[in-house]
Amino acid sequence: MKVHTHTFIIHTPRAPEFIDITGEIESAVKKTGVKNGTVTVYVKHTTAAIRINEKESGFIQDFKDYLNKTFPPHQYYRHNDMKIRTENIDCDDDRCDKNGHAHCQHMLLGTSETIPIVDGKLTLGRWQRVFLVELCSPRKREVVFQVIGE
Ligand code: ZN
């Protein structure tokens, strides 16, 4: 059994946005030579998520609408209120104190997905794609792929 870990940098264009990273995962798995095992896809951020679903523009717009209706970007968030906030205030990027909605949206989604690898291929269903979901703003994101198997 071997463990292969790779970190990929992905620049996101806007938020909310669903970026299909299935091809990157397939290439990374192929390069490892692992035939049977799992790949975990993990994002190292609190305002971007990893999710599996269908790449269909109607559904994606429906879900963007749901995220923005549930946690609208322009309503009051304690996270954005620098008059009361005392923690994690050393970020030099001014987007960090305006993204309360993105943290809340992220809690509905999640940080990783794990996909079985069988005969060297991801066992995705016909309509399944893996998405990096940007929730904050255009950013540089780090996505870790860890392949475990033989
Ligand atoms: Zn924040």
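Below or above, wherever it landed, is the structure these notes cover. Everything numeric in this text was worked out from a predicted model, so none of it was measured.

### Let's talk about the sheet that holds strand β4 (residues 48-54)
Moving on, step 1. Sheet architecture is open: 3 strands sit in the order β2-β7-β4, paired in antiparallel fashion. Two strands close off the open sheet at either side, each with one partner strand: β2 (17-20) and β4. Strand after strand, the sheet turns through a mean of 35 degrees between neighbouring axes, direction not considered.
Moving on, step 2. Here 4 bridges tie β2 to strand β7 (residues 128-134), and the two strands are oriented antiparallel to one another. Bridge assignment links Asp20 to a residue of β7, and that residue is Phe131.

### Let's talk about helix α2 (residues 57-70)
Moving on, step 1. For α2, spanning 14 residues, the distance from its first C-alpha to its last is 20 Å, which sits close to the expected 20 Å at 1.5 Å a residue.
Moving on, step 2. On its buried side, α2 packs onto β2, β4, α3 (100-109) and β7.
Moving on, step 3. With a side-chain oxygen lying 2.9 Å from the backbone nitrogen of Gly58, the N-terminal cap of α2 falls on Glu56.

### Focus on the layout of surface pockets
Moving on, step 1. For the second largest pocket, the calculated volume is near 160 Å³.
Moving on, step 2. Lining the second largest pocket are Glu26, Val29, Lys30, Gly33, Val34, Lys35, Asp119, Gly120, Lys121 and Leu122.
Moving on, step 3. When residues of the lining of the second largest pocket are traced back to their parent elements, those giving at least two are α1 (22-32) and β6 (121-122).
Moving on, step 4. Examining the composition of the lining of the second largest pocket, we find that 3 residues originate from one element, α1, more than from any other.
Moving on, step 5. Considering only residue class, the lining of the second largest pocket consists of 3 nonpolar, 2 polar and 5 charged.

### Digging into the sheet that holds strand β3 (residues 37-43)
Moving on, step 1. Read from one edge to the other, the open sheet built from 5 strands follows the order β1-β8-β3-β5-β6, with strand pairing classed as antiparallel. Single-partner strands in this sheet number two, and they are β1 (2-11) and β6.
Moving on, step 2. The pairing of β1 with strand β8 (residues 140-149) spans 10 bridges and is antiparallel. Each bridged residue has a counterpart across the sheet, and for Thr5 the counterpart in β8 is Gln146.

### What to know about the side chain of Ser137
Moving on, step 1. You can see Ser137 is positioned in the loop between β7 and β8.
Moving on, step 2. Taking relative accessible area as the criterion, Ser137 reaches 12% and is therefore assigned buried.

### Topic: α3
Moving on, step 1. For α3, the set of buried residues is Gly100, His101, Ala102, Gln105, His106 and Leu109.
Moving on, step 2. Where the residues of α3 are buried, they touch β4, α2 and β7.
Moving on, step 3. Gly110, located one to two residues past α3, shows a positive phi value of around 135 degrees.

### Focus: a negative patch on the surface
Moving on, step 1. There is a patch of like negative charges on the surface, built from Glu54, Glu56, Asp62 and Asp65.
Moving on, step 2. With respect to the helices and strands, the residue Asp65 is situated in helix α2.

Calculation notes
Residues numbered from 1 in each chain as written. Predicted model: local features only at pLDDT ≥ 70, side-chain atom pairs only at ≥ 80, totals over all residues. Heavy atoms only, no water. Pairing = 2+ DSSP bridges. Helix = DSSP H or I, 4+ residues; strand = E, 2+ residues; numbered from the N terminus. Axes fitted to C-alpha atoms, helices over the stretch in contact; angles between N-to-C directions. Expected span 1.5 Å × (residues − 1). Contact = heavy atoms within 4.5 Å. Polar contact = N/O pair within 3.5 Å; in protein donor to acceptor, adjacent residues only side chain to side chain. 1 Å grid on protein atoms, 1.4 Å probe; cavity = no way out; pocket = protein on both sides within 12 Å on 5 of 7 lines; lining within 4 Å. Points joined across faces, edges and corners; volume = space filled by probe spheres on them. Nonpolar A, V, L, I, M, F, W, Y, C, P; charged D, E, K, R; others polar. Buried < 20%, exposed > 50% of the residue type's maximum accessible area, 1.4 Å probe, protein only. Patch = residues over 30% accessible without salt bridge, like charges linked within 9 Å, V, L, I, M, F, W, Y side chains within 5 Å. Areas by Shrake-Rupley, 256 points an atom, 1.4 Å probe, with all protein chains shown as cover. Salt bridge = Lys/Arg side-chain N within 4 Å of Asp/Glu carboxyl O. Lys, Arg positive; Asp, Glu negative; His and termini not counted. Charge placed at Lys NZ, Arg CZ, Asp CG, Glu CD.

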